Amino acid sequence: AGARSISHGWLPPVGIAEWLWRVPAAVAKSVDHVVNDALSVLNVGAVRYSEAERLIAVGDVHGDLQALRSTLKIAGLIGASDEWIGGRSTLVQVGDQLDRGDSEIGVLDLLFQLQDQAPRHGGRVHILLGNHELMNADHDFRYVTSGGFEEFSAAPELAPATKKKAGGKFEANALESGRGGVAVAPEVVVTPMSTAMAETIKNMPTWMRARAQALRPGGPISVKLAQRAMVAIVVGDNVFVHGGLKPDHIADANGGDAALDAMNRGTRTWLLGRGEKPAVMRGGRSPVWMRNYSRPAPDSSDCAMLSEVLRRLRCRRMIVGHTPQAGGINAACSGRVWRIDTGMSAAYGGAPEALEITPKRIRVLTVKGPRPGASRMRR
């Protein structure tokens, strides 16, 4: 099926494009108020959550809506119409919704929809940020497919906020260049572009501008991610992060939870277009980039580093994505880390699988049925 346009929830009875570009100024809320509202309604703004009756973890999706659907159906979380049927289950998707595939908007839309629906049934959906979401916010489009650019350009609500005058001179759209936040929907407020950002997008090819505007810090999709996605969270005694955590990442005098909260808040502020990217999120050993625990066989020093992180966070295991695993979901370091990036997207050709954690057991859910966690222990 083709990608759908992003649903914004609580839309008035008018067309999406009209709502996006003709909202009265009186409707606009402050960014802080709107984000806090969204985090409260979705119940996803904390760092630590209580143990789940049934915890499902899903790896990197990379713009493949069909692969995501297949995985969620294997896990018993969605029905024939993509509706939430997971009851009191908790789903954690560990990042990399974007790049490499042609249905990125469809992937985000489905995850956002389930995040809205699950709480009505006693469930919860957590969405994490991966390196590819942050790369796109930085306008690093190296891994975007031609279909990915087309998908953004074709979505009316993501039309570029830039246009040319009759004489050919480029100018920023009045809404984007105006003072104060512009309400994209009742729960989304876009941060106006700086002159430098407007100039950067102006100099991009036309086919790139819709994506650049939507994903720039303060743009509509980055604001959505700021409201709905985190860098790292803890559910029960499981810590989830895209790439991994090392002791330096959580060296906060107030403890590991405070460090994770600062990481999440700092990244949120950056995605909202209200600050710089946090130092902890920069570089190849950041929580969304490091691969120490995802190597085929992590060495003893990596496993020792992992143990220290888990001790500080009072957790039993870490669940990561980021690095495709040739044999599917597996565990290393004596079960202290689970690597769940199966390369499910068409770009890699891996199998759809999900990790299931309950108070009594761990299983890998596959198209051929569940497999005991013990069967996927590497070392």
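Everything below is about the structure printed above this text.
Notes on the structure follow. Source: prediction; values computed, not measured.

### Observations regarding unusual backbone geometry
Peptide bonds are mostly trans, and most non-glycine residues show a negative phi.
And step 1. Its identity is not glycine, yet histidine 62 carries a phi of approximately 50°, on the positive side.
And step 2. Residue position: histidine 62 is located in the loop between β2 (55-58) and α3 (65-74).
And step 3. Since its relative accessible area comes to 4%, histidine 62 is described here as buried.
And step 4. The phi torsion at aspartate 99 lies on the positive side, around 75°, for a residue other than glycine.
And step 5. You can see aspartate 99 is positioned in the loop between β3 (90-93) and α4 (104-117).

### Some remarks on the nonpolar core
And step 1. Core analysis: the largest hydrophobic core is formed by 69 residues, its most contacted members being Leu72, Leu245, Leu260 and Met318.
And step 2. Considering every element that reaches this core, the biggest residue donor is α4, with 7 residues.
And step 3. Not counting chain neighbours up to four residues away, the residues in contact with leucine 245 comprise Val239, Leu260, Met263, Pro287, Met290, Tyr293, Val309, Leu313 and Met318.
And step 4. In this structure, Leu128, Met230, Val235 and Ile357 belong to the second largest nonpolar core, which totals 19 residues.

### Examining the state of the cysteines
And step 1. Under the counting rule described, the total for this entry stands at 1 disulfide.
And step 2. Across a sulfur-sulfur distance of 2.1 Å, cysteine 303 and cysteine 333 are joined as a disulfide pair. In this structure, the disulfide formed by cysteine 303 and cysteine 333 twists by about -80° around the S-S bond and is classed as left-handed. Of this pair, cysteine 303 sits in helix α12 (residues 300-313) while cysteine 333 is found in the loop between β13 (330-332) and β14 (337-339), placing the two residues 30 residues apart along the sequence.
And step 3. Given a relative accessible area of 1%, cysteine 333 falls into the buried group.

### Let's talk about the packing of aromatic side chains
Here the distance between the centres and the angle between the planes together describe a pair of aromatic rings.
And step 1. According to the stated counting rule, one finds 2 aromatic pairs in the structure shown.
And step 2. The interplanar angle of 75° and the centroid separation of 4.9 Å between the aromatic rings of phenylalanine 149 and tryptophan 207 together place this pair among those described as edge-to-face. Residue phenylalanine 149 is located in helix α6 (residues 146-154), and its partner tryptophan 207 is located in helix α9 (residues 206-215); the two are separated by 58 residues in the primary sequence.
And step 3. A residue is classified by how much of its surface remains accessible, and tryptophan 207, at 47% relative accessible area, is partly exposed.
And step 4. Through pairs of rings, three or more aromatic residues link up here, namely Phe141, Phe149 and Trp207.

### Considerations on the pairing of strand β16 (residues 362-366)
And step 1. The pairing of strand β15 (residues 354-357) with β16 spans 4 bridges and is classified as antiparallel. Bridge assignment links glutamate 356 to a residue of β16, and that residue is arginine 363.
And step 2. Joining the antiparallel neighbours β15 and β16 is a turn of 4 residues.
And step 3. Counted between consecutive antiparallel strands, the loop separating β16 from strand β17 (residues 369-372) contains 2 residues.

### Side note on α4
Owing to its 3.6 residues per turn, the α-helix aligns residues three or four sequence positions apart on the same side.
And step 1. Compared with an ideal rise of 1.5 Å per residue, which puts 14 residues at 20 Å, α4 spans 20 Å between its outermost C-alpha atoms and is within 8% of the ideal.
And step 2. Within α4, 13 of the 14 residues are buried, which leaves the element mostly enclosed by the surrounding structure.

### Details of the environment of phenylalanine 149
And step 1. The class of phenylalanine 149 is buried, set by a relative accessible area of 9%.
And step 2. Taking C-alpha positions, phenylalanine 149 is 6.3 Å from methionine 208, a pair spaced 59 residues apart along the chain.
And step 3. The contacts of phenylalanine 149, once residues within four sequence positions are left out, are Phe141, Val144, Trp207, Met208 and Arg211.

### Focus: the pairing of β17
And step 1. As defined by bridge partners, β16 adjoins β17 across 4 bridges and the pair is classed as antiparallel. Within β17, the residue paired with arginine 363 across the bridge is proline 372.

### Concerning the environment of glycine 76
And step 1. Along the chain, glycine 76 falls in the loop between α3 and β3.
And step 2. A relative accessible area of 31% means that glycine 76 is categorised as partly exposed.
And step 3. Placed 10 residues apart in sequence, glycine 76 and glycine 86 show a C-alpha to C-alpha distance of 6.1 Å.
And step 4. Those residues in contact with glycine 76 that sit more than four places away from it in its chain are Ile85 and Gly86.

Criteria and cut-off values
- Residues numbered from 1 in each chain as written.
- Predicted model: local features only at pLDDT ≥ 70, side-chain atom pairs only at ≥ 80, totals over all residues.
- Heavy atoms only, no water.
- Helix = DSSP H or I, 4+ residues; strand = E, 2+ residues; numbered from the N terminus.
- Buried < 20%, exposed > 50% of the residue type's maximum accessible area, 1.4 Å probe, protein only.
- Core = buried A, V, L, I, M, F, W, Y, C linked by side-chain atoms within 4.5 Å.
- Contact = heavy atoms within 4.5 Å.
- Disulfide = S-S within 2.5 Å.
- Phe/Tyr/Trp six-rings, centres within 6.5 Å; stacked < 30°, edge-to-face > 60°.
- Pairing = 2+ DSSP bridges.
- Expected span 1.5 Å × (residues − 1).

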